[in-house]
Amino acid sequence: MNVAVTDLKPRARKASAGYTDFEHTGPGTLAGKFMRSAWQPIQRSQDLPAGRAKPLRIMSENFTLFRGESGVAQVLAQRCPHRGTQLSAGWVEGDTLRCLYHGWRYDATGQCVEQPSEDAAFAAKVRIASYPTREHLGLIFAYFGEGEPPAFPHIPAFVGEGRVEASVEYFPCNFFQCWENSFDEYHVHFTHRTGGMHPRYPQMPHMTYTETEYGILRRSETADGKVRLSPFLMPNVLRTIVPSPNAMQGHGPSVRDSYLMKVPVDDHNHVFFISQHVRIRPGEEAVYEEKHLRYLELRAKARPPHELGLEILAGCLTLTDVVEHPYLAVIEDVVAQGGQGTIADRSQERLGRSDTGIIAMRKIWSREMRAIAEGKPTKQWQPLLKMPE
Ligand code: FES
Ligand SMILES: [Fe+2]
């Protein structure tokens, strides 16, 4: 299908005062330094089997990701320093990676440990960059900042019986407008209207945002007295209750305790990692597993949500045309957030009462970026130790 050209290019930006360049996260940028001060998810654990190497792009930088045969995930520099080819095409041997061009071999620390055609003393002088990794909640995390990484895990495991399911979705726009969407509870009633999941004109809950030692605590209270607490960890993790993808097809438990994380690939693309706690009633494991596998089959056959979202923005399709898609909610989010432009133009926006959370979060980001720019200490964000009550 031909896709019409859409208005997804960054629009002209007014120079804005203050530390408000939240969008650019490449090396040396203020937002990039803030993001690199925290562990970032880089891949689902299940997508990196032992013995596999892959290219990795995050925050406009390229790396090599591989899992050694002992099962440990490793991140190394993108290129072999001999003549510069991409290491991800090489061979995993034990817990080392061998370059496919001339066979130089690197261990998990980036130290060159073998050079088949060179003098024995040369290898000891060659070392490439390596980055700390950890695994938690079905995801591989890496640390790309300076100095020692912060405490890990920075987010507590889910409590109680059940299993963890991780998913990842690609979004063709800047990560920050989607991180802002995490603070935007009101959008669900409109953006996600097509599938009939939400009432059309809801009562706005009363929301407050309080800065904490880990980030921001959002408290929302509806007119009937229901209170919901959602912790936001700086710079980019939300813990909240959201519908599961398969609930939308009637294939599983309807809502799940979840971590949502948006991570830049570069300034125009990002990935959305979701780690969810699936509570399955005792005795219903086999029934759930069968439904879940059926859902995964549906997903495998369906077109990627971001492609459909772009076609809707181009006017080739409507949301009604894709209402049967097994992850309609992501298409809807791609349409709403990608529709802001590849990089949203904040100089033109008109914020209102419902944007209080976005404003609060931007102020904190701005304050931290200013401290980084001025060489002053930033806030030492603490891990979330337990869910607030
Ligand atoms: S480029 Fe890697 S060994 Fe030559
Ligand atoms: Fe949404």
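Residues numbered from 1 in each chain as written. Chains lettered and ligands numbered in written order. Predicted model: local features only at pLDDT ≥ 70, side-chain atom pairs only at ≥ 80, totals over all residues. Heavy atoms only, no water.

Some details on a nonpolar patch on the surface
Logical step 1: Taken together, the side chains of Trp 91, Leu 100 and Tyr 101 present a nonpolar region at the surface, about 330 Å² in accessible area.
Logical step 2: By the secondary structure assignment, Leu 100 is in the loop between strand E6 (96-98) and strand E7 (105-106).
Logical step 3: With a relative accessible area of 39%, Leu 100 lands in the partly exposed category. (Patch = residues over 30% accessible without salt bridge, like charges linked within 9 Å, V, L, I, M, F, W, Y side chains within 5 Å. Areas by Shrake-Rupley, 256 points an atom, 1.4 Å probe, with all protein chains shown as cover. Salt bridge = Lys/Arg side-chain N within 4 Å of Asp/Glu carboxyl O. Helix = DSSP H or I, 4+ residues; strand = E, 2+ residues; numbered from the N terminus. Buried < 20%, exposed > 50% of the residue type's maximum accessible area, 1.4 Å probe, protein only.)

Section: the domain arrangement of the protein
Often, the extent of an interface is quoted as the loss of accessible area on bringing the components together.
Logical step 1: When the domains of the protein are assigned, the result is domain 1 (49-130) and domain 2 (163-373).
Logical step 2: With four residues of domain 1 in contact, the opposing surface of domain 2 contributes five residues.
Logical step 3: A per-residue breakdown of the area domain 1 buries against domain 2 is headed by Arg 57, Met 59 and Ser 60, which together make up 82% of the total.
Logical step 4: At the surface where domain 1 touches domain 2, the tally comes to one salt bridge.
Logical step 5: Ionic pairing is found between Arg 57 and Asp 266, a salt bridge with its closest N-O pair at 3.6 Å.
Logical step 6: Summed over the shared surface of domain 1 and domain 2, the number is three residue pairs in polar contact (both at pLDDT 80 or more). (Domains from an automatic or database assignment. Contact = heavy atoms within 4.5 Å. Buried area = accessible area lost by both parts, 1.4 Å probe. Polar contact = N/O pair within 3.5 Å; in protein donor to acceptor, adjacent residues only side chain to side chain.)

Here's the deal with the packing of aromatic side chains
Logical step 1: One pass over the full model with this rule turns up 19 aromatic pairs.
Logical step 2: Here Phe 171 and Phe 272 contribute two aromatic rings whose centre-to-centre distance is 5.9 Å and whose plane-to-plane angle is 80°, an arrangement assigned as edge-to-face. With Phe 171 in strand E12 (residues 163-171) and Phe 272 in strand E18 (residues 269-278), this residue pair connects regions lying 101 residues apart in the sequence.
Logical step 3: A relative accessible area of 2% places Phe 171 in the buried class.
Logical step 4: An angle of 85° between the planes, with centres 5.1 Å apart, marks the rings of Trp 179 and Phe 183 as edge-to-face.
Logical step 5: Judged by its relative accessible area of 0%, Trp 179 is buried.
Logical step 6: Overall, the relative accessible area of 1% leaves Phe 183 in the buried class.
Logical step 7: Every member of this aromatic cluster is reached through a ring pair, and the members are Phe 22, Phe 34, Phe 175, Phe 176 and Trp 365. (Phe/Tyr/Trp six-rings, centres within 6.5 Å; stacked < 30°, edge-to-face > 60°.)

Considerations on the coordination of the iron ion (ligand 2)
Logical step 1: Note on the iron ion (ligand 2): its protein donors are His 187 (NE2), His 192 (NE2), Asp 333 (OD) and Asp 333 (OD). The metal-donor distances range over 2.1 to 2.6 Å.
Logical step 2: Each of the four donor atoms bound to the iron ion (ligand 2) contributes to angles spanning 54 to 151°, and the resulting shape is irregular.
Logical step 3: For the iron ion (ligand 2), the donor residues sit on a single chain with the sequence spacing H-x4-H-x140-D. Of the two residues, His 187 is situated in the loop between helix H2 (175-181) and helix H3 (188-191) and Asp 333 in helix H6 (residues 328-338); the sequence distance between them amounts to 146 residues.
Logical step 4: Among the residues examined, His 187 registers a relative accessible area of 14% and is labelled buried.
Logical step 5: According to the relative accessible area criterion, Asp 333 is buried, its value standing at 12%. (Donors = N, O, S within 2.8 Å, 3.2 Å for Na, K, Ca; no water. Tetrahedral: all angles 85-135°; square planar, octahedral: opposite > 155°, others 65-115°.)

A word on the pattern of salt bridges
Logical step 1: Across all of its chains, the model carries 28 salt bridges by this definition.
Logical step 2: Put simply, Glu 23, Glu 180, Arg 346, Glu 349 and Arg 362 are held in one network by salt bridges that share partners.

Topic: the sheet that holds strand E5 (residues 91-93)
Logical step 1: Read across the open sheet, the four strands follow the order E5-E6-E7-E8; overall the sheet is antiparallel. The outermost strands of the open sheet, each flanked by one partner alone, are E5 and strand E8 (112-114).
Logical step 2: Where E7 lies against E8, two bridges are found, and the strand directions are antiparallel. From the neighbouring strand, Tyr 106 faces E8, where its bridge partner is Cys 112. (Pairing = 2+ DSSP bridges.)

Brief notes about the environment of Arg 281
Logical step 1: Structurally, the position occupied by Arg 281 is in the loop between E18 and helix H4 (285-301).
Logical step 2: Residue classification places Arg 281 among the exposed residues on the basis of a relative accessible area of 59%.
Logical step 3: Linking Arg 281 and Gly 162, residues 119 residues apart in sequence, is a C-alpha distance of 8.4 Å.

Regarding the pairing of strand E17 (residues 255-266)
Logical step 1: The element E17 is largely enclosed, with a buried count of 11 among its 12 residues.
Logical step 2: The pairing of strand E16 (residues 237-243) with E17 spans seven bridges and is classified as antiparallel. Counterpart to Pro 243 in the pairing with E17 is Val 255.
Logical step 3: Bridge analysis of E17 against E18 gives nine bridges, and the strand direction is antiparallel. Following the sheet pairing, Lys 262 is matched in E18 by Phe 272.
Logical step 4: Where E17 folds back onto E18 in an antiparallel hairpin, the turn is made up of two residues.

Here's the deal with the nonpolar core
Logical step 1: Grouped together as the largest cluster of nonpolar side chains are 63 residues, with contacts concentrated most on Ile 42, Phe 144, Trp 179, Met 234 and Trp 365.
Logical step 2: Here this core spans two domains, and each of domain 1 (49-130) and domain 2 (163-373) adds at least three residues to it.
Logical step 3: Excluding residues that lie within four positions of it along the chain, Phe 144 makes contacts with Arg 36, Ile 42, Leu 56, Ile 58, Met 59, Phe 63, Val 75 and Tyr 131.
Logical step 4: Counting residues in hydrophobic clusters, the runner-up holds 15 residues, among them Phe 66, Ala 77, Val 92 and Cys 112. (Core = buried A, V, L, I, M, F, W, Y, C linked by side-chain atoms within 4.5 Å.)

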